[in-house]
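Notes for the structure review
What follows is each chain in one-letter form.
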Amino acid sequence: MENLNGYLIISAILFSIGTIGVLTRKNAIVIFMCVEMMLNAVNLTFVALSRHLGNLDGQVFVFFVMTVAAAEAAVGLALMIAFYNNKESIDVDDINLMKW
Amino acid sequence: MDMITIPAVNFTPILPEIFLSVLAMVLLLINVFIPGDRKAYLGYLSFVGIVAAGVLVAAGWGGHIESFSGSVVLDNFATFFKMIFLVSAGLAVLISDQYMEREGCNHGELYPLILFTVVGMMLMASGTDLMTIFLGLEVMSVALYVLAGFNRKNPKSNEAGLKYFLLGCFSTGFLLYGMALTYGATGTTRIAKIAAVVGQMSLPSANIMLVAGMLLMLTGFAFKIAAAPFHMWTPDVYEGAPTPMTAFMSAGPKAAGFAAALRIFLVALPTLQVEWSQVLWVLAVLTMTVGNITALRQDNIKRMLAYSSIAHAGYALVGFTAGNGTGTAGILFYMLSYAFMNIGAFAIIILVGKKGESNGNVQDFAGFGVKHPVLAVAMSIFLFSLAGMPPTAGFIGKFYLFSGAIQQGYIWLAIIGVLNSAASVYYYLRVMVFMYMKDPTEEFDWMQVTAPMALCVAISVIGSLIPGIIPSLILQFAQQAIKLI
């Protein structure tokens, strides 16, 4: 594959956007979506590298990452619902009972 | 692309994991048929299961079996850490029931979740492939997010769960990116093969992809073991989570983070040791100092122990920075002793606490020594051990960690460590001052010490004292455990 660098740069940009999103956004669900973006940026890196190196390890890794992301989503949304039931909000500024 | 062949699979290395997973699923089923006031039986069952798993793990001592085409290994290193996880889970199960009943959240799912966490930690310790380590880490983390937010009617517990979840996922992203770049630089995810490829590089520190991967993995692990400056989540999560789970989180998962990090950095990347030990040096100093200084001004005792647990991660990082036999054996020794002394201290906190997580301040210990002399002596032993005074396990652990650093020439690191340790005596002794030298502000009549609680305190006292008096008892195992890496 000729254009490995292109894929790596794109995934690095996606990863950075996700990181910035986590640090700046206030809504817990949006933050979680940014985390998912980071994970998918990593997936892109894995797939591109796997193709470039000609071995399958990276692609297998991606399957596991996707599975794990799904499990995380299930647990995370449940936690957000529990939080919403008590606070009527999922804004991280309302996560303030204990000082950060 | 090479052909996919299915290798012969030997299930022996993951026998304890299989056993605990099956047990957890069976417990989930049994839970449906057990009425709400009898959930303690699930706790007893899981404690028996954990002891049985301990026997299975111990039976594997001395062996070296690789399986799943080299992605899981049974060696002494993994066995030692598995014992630490089982100890912390067993003690946490013992103290859970009384607390959960008092707080009105004794749902039976607690025990299977603890067992799943242990399975994840075990996979982290025995994984020899980045993939296995990642999976173990996530099995552990996903179960822990739920455990942190387990008391779902309590807003503080909600916050703890949500915070832990968001920051945990965030750190996973970094860890994963590090793994991807390491894979890109070496072409494999198997730790032994990474070591071989990196060993053949003429100048591995000039390989930007590899160094970036290493640093990102380091960041991810620093989050998991709560090393400063990635420790911001720790005090809040530890304060908000149900107390038994705080005890568990600060002992087991922290040790698991060290297990995986030690294996990756010492086995796969020893040729980069000069680079990563520099970063770890800074992390260790920051972690110890931030943890101890912030702990000095805490009144809430859970929060104080949370900062103290950050400081303890810093001490262990001193041994990691050294990276030699004494230092790494010290980490293993310290993590085991820390499980005993820390969970023991949390057991006493649960006993002193009242419904709704109240009575959790240092001041509430006033007069405890007069009213409950036996428990107060136990608490003093835990606090002495945490402060690192002889003849407790905490002292011997710190002694080995710091002497490991001195052997490698990190004199200043050891000095900073000892100074920190001296500063920490203040906030541990403050609790004892309240226990013995202040008059009780209220009666301690509400306290009832159940049998599991008493057992937990007794085991913890033994575990905090015996390794301090006869260090070779544990240390010889720790030294054998690090021989293979």
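Residues numbered from 1 in each chain as written. Chains lettered and ligands numbered in written order. Predicted model: local features only at pLDDT ≥ 70, side-chain atom pairs only at ≥ 80, totals over all residues. Heavy atoms only, no water.

1. Remarks on the overall build of chain B
Across its full length, chain B holds 19 helices and two strands. Its C-alpha radius of gyration of 21 Å places chain B within 12% of the 23 Å reference for a compact globule of 485 residues. A principal-axis box enclosing the C-alpha atoms of chain B has dimensions of 70 × 55 × 40 Å. Within chain B, the fraction of its 485 residues that count as buried is 66%. In chain B, the share of contacts with a sequence separation of at least 24, taken over all contacts with a separation of at least 6, comes to 82%. Within the structure as shown, chain B displays about 15900 Å² of accessible surface, and the carbon and sulfur contribution to it stands at 69%. (Helix = DSSP H or I, 4+ residues; strand = E, 2+ residues; numbered from the N terminus. Rg over C-alpha atoms; globule rule 2.2 N^0.38 Å. Buried < 20%, exposed > 50% of the residue type's maximum accessible area, 1.4 Å probe, protein only. Contact = heavy atoms within 4.5 Å. Areas by Shrake-Rupley, 256 points an atom, 1.4 Å probe, with all protein chains shown as cover.)

2. Focus on the interface of chain A and chain B
In many analyses, interface size is given as the accessible surface area lost on bringing the parts together. Taken together, the contact pairs 47 residues of chain A with 46 residues of chain B. Here chain A packs against chain B, burying approximately 4200 Å² in sum over the two surfaces, 79% of which is carbon and sulfur. Where chain A meets chain B, there are one salt bridge. Here A:Lys87 ties to B:Glu159 by a salt bridge, and the two come within 4.0 Å at their closest N and O atoms. Inspection of the region where chain A meets chain B yields five residue pairs in polar contact (both at pLDDT 80 or more). Those elements that provide at least two residues to the side of chain A that touches chain B are α1 (4-24), α2 (28-53) and α3 (57-87) of chain A. At 17 residues, α3(A) tops the list of elements feeding residues into the side of chain A that touches chain B. Classifying every residue of the side of chain A that touches chain B gives 32 nonpolar, ten polar and five charged. (Buried area = accessible area lost by both parts, 1.4 Å probe. Salt bridge = Lys/Arg side-chain N within 4 Å of Asp/Glu carboxyl O. Polar contact = N/O pair within 3.5 Å; in protein donor to acceptor, adjacent residues only side chain to side chain. Nonpolar A, V, L, I, M, F, W, Y, C, P; charged D, E, K, R; others polar.)

3. Some remarks on the environment of B:Leu280
All names here are of chain B. Tracing the chain through its elements places Leu280 in helix α11 (residues 273-296). Between the alpha carbons of Leu280 and Phe80 there is a distance of 23 Å; along the sequence they are 200 residues apart. Sequence-distant contacts of Leu280, defined by excluding residues within four places in its chain, comprise Leu218, Leu317, Phe320 and Thr321.

4. What to know about the pattern of salt bridges
Taken as a whole and judged by the stated rule, the model has eleven salt bridges over all chains. We note a salt bridge from A:Asp93 to A:Lys26, for which the minimum N-O separation is 3.8 Å. One end of the pair, A:Asp93, is in the segment after α3; the other, A:Lys26, is in the loop between α1 and α2, and 67 residues separate them in sequence. The class for A:Asp93 is partly exposed, based on a relative accessible area of 45%. Using a relative accessible area of 41% as the deciding quantity, one classes A:Lys26 as partly exposed. The closest approach of N and O atoms between B:Asp75 and B:Arg263, which form a salt bridge, is 3.2 Å. Placement of the pair is B:Asp75 in the loop between β2 (72-74) and α3 (76-102) and B:Arg263 in helix α10 (residues 243-268), with a sequence separation of 188 residues.

5. Here's the deal with the side chain of B:Thr326
With respect to the helices and strands, the residue B:Thr326 is situated in helix α13 (residues 325-352). In this structure the side chain of B:Thr326 is engaged in a polar contact, spanning 2.9 Å, whose partner is the side chain of B:Gln407.

6. A word on unusual backbone geometry
Negative phi values dominate among residues other than glycine, just as trans dominates among peptide bonds. Along the chain, B:Ala228 connects to B:Pro229 via a cis peptide bond; the corresponding omega equals 5 degrees. Tracing the backbone shows B:Pro229 in the loop between α8 (208-224) and α9 (233-240). For A:Glu88, which is not glycine, the phi dihedral falls at a positive 60 degrees. Following the sequence through the fold, A:Glu88 ends up in the segment after α3. Under the relative-accessibility criterion, A:Glu88 is labelled exposed at 59%. One non-glycine residue with positive phi stands out, namely B:Ser69, at about 45 degrees. Considering the arrangement of structural elements, one finds B:Ser69 in the loop between β1 (65-67) and β2. For B:Ser69, a relative accessible area of 42% gives the class partly exposed.

7. Remarks on the environment of B:Pro35
All names here are of chain B. Note on placement: Pro35 falls in the loop between α1 (15-33) and α2 (40-59). Here Pro35 falls in the partly exposed class, since its relative accessible area comes to 40%. On a C-alpha basis, the gap between Pro35 and Gly394 in space is 42 Å, while along the polypeptide they are 359 residues apart.

8. Structural notes on the confidence of the model for chain B
Overall, the predicted model of chain B reaches an average pLDDT of 91, with 98% of residues at or above 70. Both scores are available for the predicted complex, with the pTM at 0.94 and the ipTM at 0.95. (pLDDT = per-residue confidence, 0-100.)

9. Points about the packing of α3(B) against α10(B)
When two helices pack together, their arrangement is captured by the angle between the axes and the distance separating the axes. Residue and element names in this part refer to chain B. Two elements in contact, α3 and α10, have axes separated by 8 Å at closest approach and are oriented at 170 degrees. Comparing the axis directions of α3 and α10 gives the class roughly antiparallel. When α3 is examined against α10, the residues Phe77, Ala78, Phe81, Ile84, Phe85, Ser88, Ala89, Ala92, Ile95, Ser96, Tyr99 and Met100 are found in contact with a partner set consisting of Thr243, Pro244, Met245, Ala247, Phe248, Ala251, Gly252, Ala255, Ala256, Ala259, Leu262 and Arg263. The residue makeup of the contact of α3 with α10, split by class, is 19 nonpolar, four polar and one charged. (Axes fitted to C-alpha atoms, helices over the stretch in contact; angles between N-to-C directions. Parallel < 35°, antiparallel > 145°, perpendicular 65-115°, else oblique.)

10. What about a nonpolar patch on the surface?
All names here are of chain B. Where nonpolar side chains cluster on the molecular surface, the patch consists of Val9, Phe11, Leu15, Ile18, Phe19, Val22, Val26 and Leu56 and spans about 600 Å² of accessible area. Counting residues per element, the nonpolar patch draws most heavily on α1, at five residues. Classification of Ile18 as partly exposed rests on a relative accessible area of 33%. (Patch = residues over 30% accessible without salt bridge, like charges linked within 9 Å, V, L, I, M, F, W, Y side chains within 5 Å.)

11. A short note on the packing of aromatic side chains
Evaluation of the coordinates by the stated rule reveals 28 aromatic pairs over all chains. Relative to B:Tyr400, the ring of B:Phe399 lies with its centre 5.6 Å away and its plane at 80 degrees, an arrangement referred to as edge-to-face. On the basis of relative accessible area, B:Phe399 is assigned to the partly exposed category, the value being 47%. Linked through ring pairs, A:Phe15, B:Phe170, B:Phe174, B:Tyr177, B:Phe223 and B:Phe230 together constitute an aromatic cluster. Of note, B:Lys438 hangs over the ring of B:Phe434, and the distance from its end group to the ring centre comes to 4.7 Å. (Phe/Tyr/Trp six-rings, centres within 6.5 Å; stacked < 30°, edge-to-face > 60°. Lys NZ or Arg CZ within 6 Å of the ring centre and 35° of its normal.)

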